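Residue-level structural notes
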Amino acid sequence: MSKHNGNCTTCVRSGNCQLQNLCIDFSLDTDLYERYHDPEKKLEWKEGYPLIRDNDKCIKCMRCIQICDKVQTMHIWDTIGTGKHTRVGTFDGRSIHHTDCTLCGQCITHCPVGALRARDDTDRVIDAISDPDIITVFQIAPAIRTAWGKPFGLDEKTATVNRLAGCLKQMGADYVFDTSFTADLTIMEEANEFLVRLQKGDLEKYPMFTSCCPGWIRFIKKQFPTLVPQLSSAKSPQQMFGAVMKTYFAEKIGVDPEKIFTVSIMPCVAKKAECDMNSMKGATGKNDVDVVLTTREVTRILKKEHIPADRVKDAPFDKLMAEYSGAGVIFGTTGGVMEAALRTAYFKVMGENPPADLFKEVNGFEGHGKYPWTEKEFELKGTKLKIAVVNSLGHARAVCDAILREEVKYDFVEVMACPGGCSGGGGQPINTEDEERAFTRGLYLHELDKEMPLRFSHENKDVQKLYEDYLKEPLSEKSEELLHVKHTLEFTD
Ligand code: SF4
Ligand code: SF4
Ligand code: SF4
């Protein structure tokens with residue numbers, strides 16, 4: 001406590017802080033900081049950066065260094081100084097925006113106090129909702145349904161995604177959708193792209209990599225630039241949503257896209273940077289996704305706005321993009337994108353649906369054979385497909401190294417930067433019990449998939465209508481323009 005500024009009333013971790021819990025347990029007097037702290041030079045931080053460090057709260061437990069070094073292998077943090085002046089900062093004292101930080105947010109979720117946090121964008125959303133001239137459109141990522149209700153005392157069965165939609169509507173949202181809809185759209189584009197690239201012989205040496213995780217995109221750009229051309233050109237479901245929202249949807253409801261303000265609710269910190277990338281802007285040069293709120297921020301905004309989440313009733317998603325499949329739901333966990341893509345690729349090649357659970361073994365929960373990732377082989381009409389699924393950046397580094405050494409050869413690889421995938425994302429609620437919840441949350445998404453009447457992305461009627469009325473077909477000129485990007489090596493592009 002002598003090192004920790006205990007201004008708990010304004011701290012984002014108040015009520016969810018291991019140090020605060022210990023102070024209560026030991027009846028500790030919390031003015032120790034005032035009495036003993038030794039003022040150090042204030043750490044300079046880039047304003048507006050999605051990840052924020054406050055060294056006035058850092059208790060030097062070194063967990064951020066451990067998770068970033070040992071699990072994510074990024075070495076962004078380091079100790080600076082010696083003896084009683086030792087503190088934690090960026091490696092080599094670089095400005096955070098000059099490091100290769102992937103914004104996976106794992107150091108935030110492993111920090112026991114509020115020394116690391118994500119940028120708070122809740123006020124921007126409240127301002128948009130309060131403006132009568134602005135139409136606010138929300139999308140909720142698949143992994144949110146595994147975690148958002150915990151701070152309200154709701155388990156995942158009662159904290160349904162439709163209850164969250166009800167809360168957002170009560171808060172004043174004009175339209176609410178599930179990102180699982182554009183997860184289905186992503187599959188239509190990505191599965192078709194995969195088959196085209198496979199037939200063209202593009203994947204003979206190196207595989208195609210999934211592109212829906214911005215933490216992974218930041219990682220590959222800086223750590224394995226030679227593999228960047230192997231990334232799928234498909235935008236992430238969040239960005240596809242923003243793009244169709246400000247074109248197709250605006251046209252259908254007859255409003256000027258400039259009046260639409262899109263908010264994503266994501267389990268992710270890297271998405272806050274993804275929506276600001278130049279390639280993610282619409283024809284007018286403005287963001288397709290205006291603001292990203294993490295799962296933690298959605299708790300904060302509902303509390304700020306006094307929405308009684310435990311008493312709010314489920315609300316349906318809005319028309320035009322209401323439908324989604326179980327394949328879209330499992331995007332929120334490791335292996336989900338691959339499984340969903342294989343279901344649709346099978347249909348495309350064989351002309352009929354596979355048994356819905358044919359590819360269930362591709363989930364990334366296994367990965368404990370020879371390698372710390374999952375690998376499987378399938379046959380589609382005489383063509384052998386070898387795929388791999390990997391989660392966490394340390395394992396992503398291992399698979400990329402093995403591919404470049406030509407020790408392994410795959411056709412398609414799914415990568416998610418966070419351990420367990422988005423269900424363990426850096427924007428998810430932080431638990432102070434030191435218990436890893438990503439995999440149980442992931443299993444819950446698989447349960448939901450099994451209960452869905454619709455299991456295949458290509459059977460999503462609203463996605464079919466979007467193609468019929470607007471995009472024409474996967475990989476059409478319009479689809480390429482709105483839903484695909486050309487990857488560069490820059491974080492900002
Ligand atoms: S966000 Fe991820 S890559 Fe960046 S410092 Fe934290 S753990 Fe390391
Ligand atoms: S995890 Fe948090 S408290 Fe621990 S050293 Fe890192 S910033 Fe400081
Ligand atoms: S795994 Fe999910 S939560 Fe983590 S960085 Fe990637 S998209 Fe974000």
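Please refer to the structure placed before this passage.
Each chain has its residues counted from 1, running along the sequence as written. The naming scheme follows written order: chains are lettered A onward, ligands numbered 1 onward. Thresholds applied to this predicted model are a pLDDT of at least 70 for local features of residues and 80 or more for the giving and counting of side-chain atom pairs; totals over whole chains, interfaces and linings are not thresholded and use all residues. To obtain the side-chain values, all non-hydrogen atoms of the structure were included, while hydrogens and water were left out.

Moving on to the pairing of strand β5 (residues 135-140). Most of β5 sits out of view: six of its six residues are buried. Burial classes follow relative accessibility: with a 1.4 Å probe on protein chains only, a residue under 20% of its type's maximum area counts as buried, one over 50% as exposed, and anything between as partly exposed. Runs of H or I in DSSP of at least four residues are treated as helices and runs of E of at least two as strands, each being numbered from the N terminus. What you see with β5 is no split at all: Ile135, Val137 and Gln139 on one side and Thr136, Phe138 and Ile140 on the other are buried throughout. Criterion used throughout: strands pair if DSSP finds at least two bridges between them. As paired elements, β5 and strand β6 (residues 175-178) share four bridges and run parallel to each other. Its bridge partner being in β6, Val137 is matched across the sheet by Tyr175.

Here we come to empty space enclosed by the protein. Two kinds of site are reported from a 1 Å grid over the protein atoms alone, namely cavities, where a 1.4 Å probe fits but cannot get out, and pockets, open sets with protein on both sides within 12 Å along at least five of seven lines, and residues are called lining when an atom falls within 4 Å of a point. Grid points are joined across faces, edges and corners, and a volume is the space filled by probe spheres set on the points. The final tally for this structure, using the stated rule, is four cavities of 30 Å³ or more. Of the voids in this model, the largest cavity is the one considered here, and its volume is about 290 Å³. Taken together, the elements giving at least two residues each to the lining of the largest cavity come down to α8 (214-223), α9 (237-253) and α10 (270-274). Partitioned by chemical class, the residues of the lining of the largest cavity number 20 nonpolar, seven polar and one charged. Under the scheme applied, nonpolar residues are Ala, Val, Leu, Ile, Met, Phe, Trp, Tyr, Cys and Pro; charged residues are Asp, Glu, Lys and Arg; polar residues are all the others, including Gly.

Residues in close proximity to ligand 1 include Cys68, Met74, Ile76, Trp77, Cys101, Thr102, Leu103, Cys104, Gly105 and Cys107, which together make up its full environment. Occupancy of a cavity or pocket is assigned to a molecule whenever over half of its atoms lie within 2 Å of that pocket's grid points. The cavity where ligand 1 resides is the second largest cavity. When the residues that make up the shell around ligand 1 are grouped by side-chain class, the tally is eight nonpolar, two polar and no charged. Near is defined per residue: the residue qualifies when any heavy atom it owns lies within 4 Å of the molecule or strand.

A separate point is the site of ligand 3. The immediate surroundings of ligand 3 are formed by Cys213, Pro214, Gly215, Pro267, Cys268, Met416, Ala417, Cys418, Gly421, Cys422 and Gly425. Of all the cavities here, the one that holds ligand 3 is the largest cavity. In the shell around ligand 3, the residues fall into eight nonpolar, three polar and no charged.

Phi at Leu103 takes a positive value of approximately 60°, unusual for a residue other than glycine. Structurally, Leu103 can be placed in the loop between β3 (87-90) and α4 (106-110). A relative accessible area of 1% places Leu103 in the buried class. In this structure, Leu475 is a non-glycine residue whose phi angle is positive, near 65°. For Leu475, a relative accessible area of 24% corresponds to the partly exposed category.

The next thing to look at is the sheet that holds strand β8 (residues 260-266). Strands sit in the order β6-β5-β8-β9 across an open sheet of four strands; the sheet is parallel. At either margin of the open sheet sits one strand with a lone partner, and together these are β6 and β9 (291-294). Each strand of the sheet is rotated relative to its neighbour by a mean of 25°, with strand direction disregarded. On the sheet, helix α6 (residues 161-171) packs against β5, β6 and β8 and is oriented at approximately 160° with respect to β5. Axis geometry follows a simple rule: fit a line to the C-alpha atoms, using only the stretch in contact for helices, then measure angles between N-to-C directions, giving values from 0 to 180 degrees. Note on contacts: a residue pair qualifies if any of its non-hydrogen atoms lie within 4.5 Å across the two residues.

The mixed open sheet is built from four strands, whose spatial order is β7-β12-β11-β10. Each edge of the open sheet is held by one strand with a lone partner, namely β7 (208-209) and β10 (374-380). Running at roughly 145° to strand β11 (residues 383-391), helix α14 (residues 393-404) makes contact with β7, β11 and β12 (412-416) of the sheet.

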